[in-house]
Amino acid sequence: MPTEPLDGSKSMEPKESLVALDQCTPNADVCQKPSNKFDTAWWLSAWLIVPVMIILVFLSRWPAMTLDGELNVDESQMMAQALRFGIDIVPWRGVDGTTSGPVNSWFLFLAHKTGMPLNYQWAHALAAAILAAMSVLTYATLRQLASRAVAAAGAAVVVVSFGLSQERDFTHFSSELLPALIASSVLLCIALRLARPHRNLALDCLAGFLLGILPWAKLQAVFGAVTLGLWVGWNI
């Protein structure tokens, strides 16, 4: 039988205590309120949100994907470098990518080796696939830190921004796409760490590996990689 507290407040039955404990966050010292009915709506399910995001991103890039022509000289340079890597894979010996690291051209080279035609249409489709992956990573990151409704709203902002960006500088296969994708993956690792405070060696190693690759994709990404690396290292 539960006893009345000295302050006169109503005590919790054992069953109620278990329900409250089940609603606690992984930190075990802060308990969340039960989700409202809006947050549990079927149309906020990841099984629906993720495919819709991917379809919308590809639809927004359909004009670029059907254009068999150069949108920016950078994509022509990276495709030429990918062909050069087929002769000599060592960077800075046969290829000088300037501020674009070898990871971008290596990526195109590997895609070409797996059967992708190395032309503008496929390069633009690959750019759309990277944008779709970034959208999904953004949704997954927000889902670790917020409710389903907030995560879906954040993902919608990303998809809409991609859809409204139809200039050549945003639709071609640029040297910023892969670095942004890698950085998005690192942010997901950080979000997973915040949501699960216990140490995860595999997650820490993955974050470190991705941070090490980041400057090899874009020289300007060094500053971001150092900042994220210091945070990850401080919290290990």
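For the structure, see preceding data.
Participant: In this structure, what is going on with empty space enclosed by the protein? I would like to understand it.
Facilitator: Summary: where empty space remains is shown by rolling a probe the size of a single water molecule over the atoms. Applying the stated criterion to the full structure yields one cavity of 30 Å³ or more. Counted as a void, the largest cavity has a volume near 40 Å³. Surrounding the largest cavity, Gln 81, Phe 85, Pro 91, Trp 92, Val 95, Gly 97, Ser 100, Gly 101 and Pro 102 form its lining. Within the lining of the largest cavity, the residues separate by chemical class into five nonpolar, four polar and no charged.

Participant: Looking at this structure, I do not really get the packing of aromatic side chains. What am I missing?
Facilitator: Counted by the stated rule, this structure contains two aromatic pairs. A centroid spacing of 5.6 Å and a plane angle of 55 degrees characterise the contact between Trp 92 and Trp 216, whose relative ring orientation is tilted. Highlighted residues: Trp 92 in the loop between helix 4 (73–85) and helix 5 (102–113) and Trp 216 in helix 10 (residues 201–217), separated in sequence by 124 residues. Residue classification places Trp 216 among the partly exposed residues on the basis of a relative accessible area of 40%.

Participant: Help me understand the environment of Gln 220, please; the structure alone is not making it clear to me.
Facilitator: Looking at where Gln 220 falls in the secondary structure, it is placed in the loop between helix 10 and helix 11 (222–235). Separated by 119 residues in sequence, Gln 220 and Gly 101 place their C-alpha atoms 9.9 Å apart.

Cut-offs applied
Residues numbered from 1 in each chain as written. Predicted model: local features only at pLDDT ≥ 70, side-chain atom pairs only at ≥ 80, totals over all residues. Heavy atoms only, no water. 1 Å grid on protein atoms, 1.4 Å probe; cavity = no way out; pocket = protein on both sides within 12 Å on 5 of 7 lines; lining within 4 Å. Points joined across faces, edges and corners; volume = space filled by probe spheres on them. Nonpolar A, V, L, I, M, F, W, Y, C, P; charged D, E, K, R; others polar. Phe/Tyr/Trp six-rings, centres within 6.5 Å; stacked < 30°, edge-to-face > 60°. Helix = DSSP H or I, 4+ residues; strand = E, 2+ residues; numbered from the N terminus. Buried < 20%, exposed > 50% of the residue type's maximum accessible area, 1.4 Å probe, protein only.

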